[in-house]
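Breakdown of the fold
Letter by letter, the chains look like this.
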Amino acid sequence: MSETVSQSQLNSTLGSGLDVDAVRRDFPILDIQVGKKPLVYLDSAATAQKPQQVTDTIQRYYMMQNANIHRGVHYLSQSATDAYEESRRKIATFFNAATPDEIVFVRGTTEAINLVAQTWGRTNIKKDDEILISELEHHANIVPWQILCEEKGARLKVIPIDDRGRLKLDAFEKLLTSATRLLAITHISNAIGTVNPIREMIRRAHALDIPVLIDGAQSAPHLPIDLQALDCDFYVCSGHKLYGPTGIGILYAKYTILKSMPPYQGGGDMIQTVTFEKTTYKAPPERFEAGTPNIAGVVGLGAAIDYVQNLGRDRIARHETDLIAYAEDRLATVPGLKLIGSPETRAGALSFVIDGAHPHDIGTILDSEGIAIRAGHHCAQPLMRRLGLPSTARASFACYNTHEEIDALEKAARKVQKLFN
Ligand code: 7TS
């Protein structure tokens, strides 16, 4: 590597203000070897690794605090309830929700979207209504709406993308009509990394009184999110992509909307009174949290939020922007390698193909070098079809990745190219 490149790498890392060596020490898994190679983890869009602060918190919860919440008068139950509700408050502050009551705990992005479709959607969507999504969506933001549309006789409309992988905003304008009842759109494409101009899109939808759901699965880990400034009606994300545990996620909705929504699941903890004749429900968020929730997951997610806040979301975003730009530059020099899409703003992930090599072969060869990427359709089959590709190889980035890891990716991609050409 030339000295100039090393210097610019150094500058950019210093420029982000993130001490990546220190960050990496918080993630013990990054020290494992794959075969005899050090692990290079470039699959954080699928799930991020967890810092020790999170795993310690979960362990401490089970060792010192474990009890069921919202029911016991005993010490442990109160302690667990306090920890659970403290996480809700932290998360509300982190995303700048108006109140913690706007935060509903769910299993993840997928469950959050299904919840909205099955409660708000079943109440508000009628025959011939339209739900507007985009060609960039993950299946989790397609299929729940399809199920709802089938049930109601409503129609799913799709904002197309251009060849650079950007939404066509002129088409978007035309697709917003008096029949549109909801805009449900991803903030960042998990497959190709496009960052959508959601603030402007929300503004335009609201000008026609159309509510907006933002799929934040890929944006919550990479961008500072201010829900009140964004003014979206729903925002959904998964804890496990945000350095938290699996099986916990967040549904945010404006309180007036949550209050208008019927329950999702019935059971314990979501009721006020039950008789065989009639049951009355608690107010949100409890109304949507039937049964014993993932208490340890909520507490662990709170620790993940603390962790991200301590590192600084702006610092993480600057570091990742550097990494993506560096990866784009380096990969572009590999003969026969094609980056998929070229949006002005990309975050979190990038996809590529290599002439003559199937993406699964790329994934396997990279794995033999200790490099973890994802190969496949990334749960975005309609996007793959639009791109004319069955699948891609995707590298995705997090606060703990380094320029050296991208050098390793470039080197391995060159090896693939040579093997197949
Ligand atoms: N929406 C987007 C944009 C996503 O990237 C994902 C997960 C989901 C929804 C669903 O999230 P879940 O936590 O409920 O599963 N994306 C990926 C991915 O890109 N690779 O594995 C999971």
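Right above here is the structure, for reference.
So, a few notes on the structure that sits alongside this text. (Residues numbered from 1 in each chain as written. Predicted model: local features only at pLDDT ≥ 70, side-chain atom pairs only at ≥ 80, totals over all residues. Heavy atoms only, no water.)

A word on the side chain of S351
In this fold, S351 is placed in strand β14 (residues 349-354). You can call S351 buried: its relative accessible area is 0%. Within the structure, the side chain of S351 is placed 2.7 Å from the backbone oxygen of A191, a separation counted as a polar contact. With near-sequence residues (within four places) excluded, S351 lies in contact with A191, I192, K338, L339, I340, H378, T392, A393 and R394. (Helix = DSSP H or I, 4+ residues; strand = E, 2+ residues; numbered from the N terminus. Buried < 20%, exposed > 50% of the residue type's maximum accessible area, 1.4 Å probe, protein only. Polar contact = N/O pair within 3.5 Å; in protein donor to acceptor, adjacent residues only side chain to side chain. Contact = heavy atoms within 4.5 Å.)

Brief notes about the site of the ligand
Near the ligand you find 16 residues, and of these T110, D215, S238, R374 and R394 are the closest. Between H138 and the ligand, the recorded distance is 3.4 Å, taken from a side-chain N or O atom to a nitrogen atom. Residue R394 places a side-chain N or O atom 2.6 Å away from an oxygen atom belonging to the ligand. Calculation on the ligand without its partners gives an accessible area of 490 Å², and the protein chains cover 87% of this total. Here the shell around the ligand is built from residues that sort into 4 nonpolar, 8 polar and 4 charged. Built from parts of two domains, the shell around the ligand gets at least three residues from each of domain 1 (7-49 + 312-420) and domain 2 (55-310). (Near = heavy atom within 4 Å. Areas by Shrake-Rupley, 256 points an atom, 1.4 Å probe, with all protein chains shown as cover. Nonpolar A, V, L, I, M, F, W, Y, C, P; charged D, E, K, R; others polar. Domains from an automatic or database assignment.)

Re helix α8 (residues 198-207)
Every buried residue of α8 is accounted for by I198, M201, I202 and A205. Down the axis of α8, the sector holding all buried residues measures 100°, keeping them to one side. Seen from the buried face of α8, the exposed residues on the opposite side, beyond 90 degrees, are R199, R203 and A207. Contacts made by the buried residues of α8 are with β6 (155-159), α7 (169-175), β7 (180-186), β8 (212-215) and α9 (227-230). (Arc of directions from axis to C-beta.)

Considering the sheet that holds strand β13 (residues 337-339)
Taken in spatial order, the 4 strands line up as β13-β14-β17-β16 in an open sheet, and their pairing is antiparallel. The open sheet terminates on both sides in strands that have one partner only, identified here as β13 and β16 (374-376). Sheet twist, expressed as the mean angle between neighbouring strand axes with direction ignored, is 30°. In terms of strand pairing, β13 meets β14 through 3 bridges, oriented antiparallel. What sits directly across from L337, in β14, is I354. Sheet contacts for helix α15 (residues 403-420): β13, β14 and β17 (392-396); angle to β14, the most-contacted strand, approximately 20°. (Pairing = 2+ DSSP bridges. Axes fitted to C-alpha atoms, helices over the stretch in contact; angles between N-to-C directions.)

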